[in-house]
Amino acid sequence: MPLQDNPSAPNSFGTNSTIFFLTGIPGLEAMHRWISIPFCTVFTIALLGNGTLLYVIKTEPSLHKPMFYFLSMLSTIDLVLSMTTMPKILSIFWFNAQEISFSGCLMQMFFLHSFSIMESAVLLAMAFDRYIAICIPLRYTTILTNAMIVKIGLAALSRAVLLMFPLPFLLRRLPYCRSHIIAHCYCEHMAVVKLACANSRFNNIYGITVALFIVGFDLMFIGLSYVKILRTVLNLASKEERIKAFGTCISHICAILVFYTPVVLSSIIHRFGHHVASHIHILMANFYLLFPPMMNPIVYGVKTKQIRDRMLILFQKWCRSVVPNAELVGTMLSTRPSAIDYCHKKLSS
């Protein structure tokens, strides 16, 4: 048998034919079918929520503003992150399809880490948007032009690609002569590096440096933006103006907490939780991956009036499509407790 066809054989050159095996959640293999239920539910909510959000922003002219352009970027990133990992995770849970090629593993890793970096950059851009809207509102339209938004989006994409571009090449140069079993649900950088049978110190340093740079840099400037926003809000004359101004930031603050809280918790557990079971680490990593794409459309859908109103209109249309003759029946009976009225009551409650 050729060397590259044997999963347990050394892979000194990182050949494309090397096969890795994703275990899913170690220690909980017997419960994979049950665990797949919340995973699939969250995945479905993320797809429907972000898809609806993109549709609403695209079809509603009043939402064609910088804040909602950034929100569209966030939803697109969340969709890509979900589609990059969840189909493979669910195939492991449902069909025990653990095999993944080395090239497929590297591709999944590249998209996963690149778009996570992009999401952090978009949250920073949204903080910049709130800073301009509250602190220098008269210059909002002149600063955040469509051209500037495109440049910000391209800068976020370029930063992510440049930082992650070396990663596949750094991993390809390592030989994998130990086990090819990745104790994870998806191809995460450090989980793959642990399988190398050569000195991987540079890979470890590079991964940690990039993570600290991204989180430290973006959080620092997000924090500075909100310090300036807080100063401006506290200097406003009336309480109503302060509440209204700060209310425009609530959705963004929630999005920041949704994205960074799992990152911090996962890092703390990884650093100090040496006696924590391995499946807890994996579940936290999946929580970090699944939670933001599900919560972002919910947070912005509930907290942003323009989006909420447009979604209510879409829901009214859906009610009419479900019971197309409801109004006619209500008229014939001289009463109007039809399904349409029921929908309206539900929407107003």
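Please read these numbers as outputs of a predicted model, since none were measured by experiment.

Rules behind the numbers
- Residues numbered from 1 in each chain as written.
- Predicted model: local features only at pLDDT ≥ 70, side-chain atom pairs only at ≥ 80, totals over all residues.
- Heavy atoms only, no water.
- Helix = DSSP H or I, 4+ residues; strand = E, 2+ residues; numbered from the N terminus.
- Buried < 20%, exposed > 50% of the residue type's maximum accessible area, 1.4 Å probe, protein only.
- Contact = heavy atoms within 4.5 Å.
- Areas by Shrake-Rupley, 256 points an atom, 1.4 Å probe, with all protein chains shown as cover.
- pLDDT = per-residue confidence, 0-100.
- Pairing = 2+ DSSP bridges.
- Axes fitted to C-alpha atoms, helices over the stretch in contact; angles between N-to-C directions.
- Patch = residues over 30% accessible without salt bridge, like charges linked within 9 Å, V, L, I, M, F, W, Y side chains within 5 Å.
- Salt bridge = Lys/Arg side-chain N within 4 Å of Asp/Glu carboxyl O.
- Core = buried A, V, L, I, M, F, W, Y, C linked by side-chain atoms within 4.5 Å.

Draft legend 1. Spotlight on the overall build of the protein. Broken down by element type, the protein carries 14 helices and three strands. Relative to its 349 residues, the protein shows a buried fraction of 43%. Here the analysis covers contacts within the protein between residues at least 6 apart in sequence; of these, 75% occur between residues at least 24 apart. As displayed, the protein has an accessible area near 18500 Å², and 70% of this comes from carbon and sulfur atoms.

Draft legend 2. Structural context of the confidence of the model for the protein. Counting all residues, the mean pLDDT for the protein is 86, and 86% of those residues have values of 70 or more. Ranking the elements of the protein by mean pLDDT puts helix α13 (residues 326–332) last with 46 and helix α5 (residues 146–164) first with 97.

Draft legend 3. Examining the sheet that holds strand β3 (residues 181–182) more closely. Taken in spatial order, the three strands line up as β2-β1-β3 in an open sheet, and their pairing is mixed. Each end of this open sheet is capped by a strand with a single partner; those strands are β2 (99–101) and β3. Relative to β3, strand β1 (residues 19–22) is paired through two bridges, and the arrangement is parallel. Pairing of Leu22 across the sheet is with Ile182, part of β3. Against the sheet, helix α3 (residues 102–135) engages β1, β2 and β3, with an angle of about 85° to β2.

Draft legend 4. Broad picture of a nonpolar patch on the surface. A cluster of nonpolar side chains, contributed by Val150, Leu154, Leu157, Val161, Phe165 and Phe169, occupies part of the molecular surface with about 550 Å² of accessible area. Among the elements that line the nonpolar patch, the one with the most residues is α5, at four residues. Among the structural elements, Leu157 can be located in helix α5. Residue classification places Leu157 among the partly exposed positions, given a relative accessible area of 37%.

Draft legend 5. Region of interest: the nonpolar core. Membership of the largest hydrophobic core comes to 86 residues, with the highest contact counts inside it found for Phe39, Leu71, Tyr176 and Ile182. At 16 residues, the largest contribution of residues to this core is made by α3. Setting aside residues up to four positions removed in sequence, Leu71 forms contacts with Leu53, Ile57, Met126, Tyr300 and Ile307.

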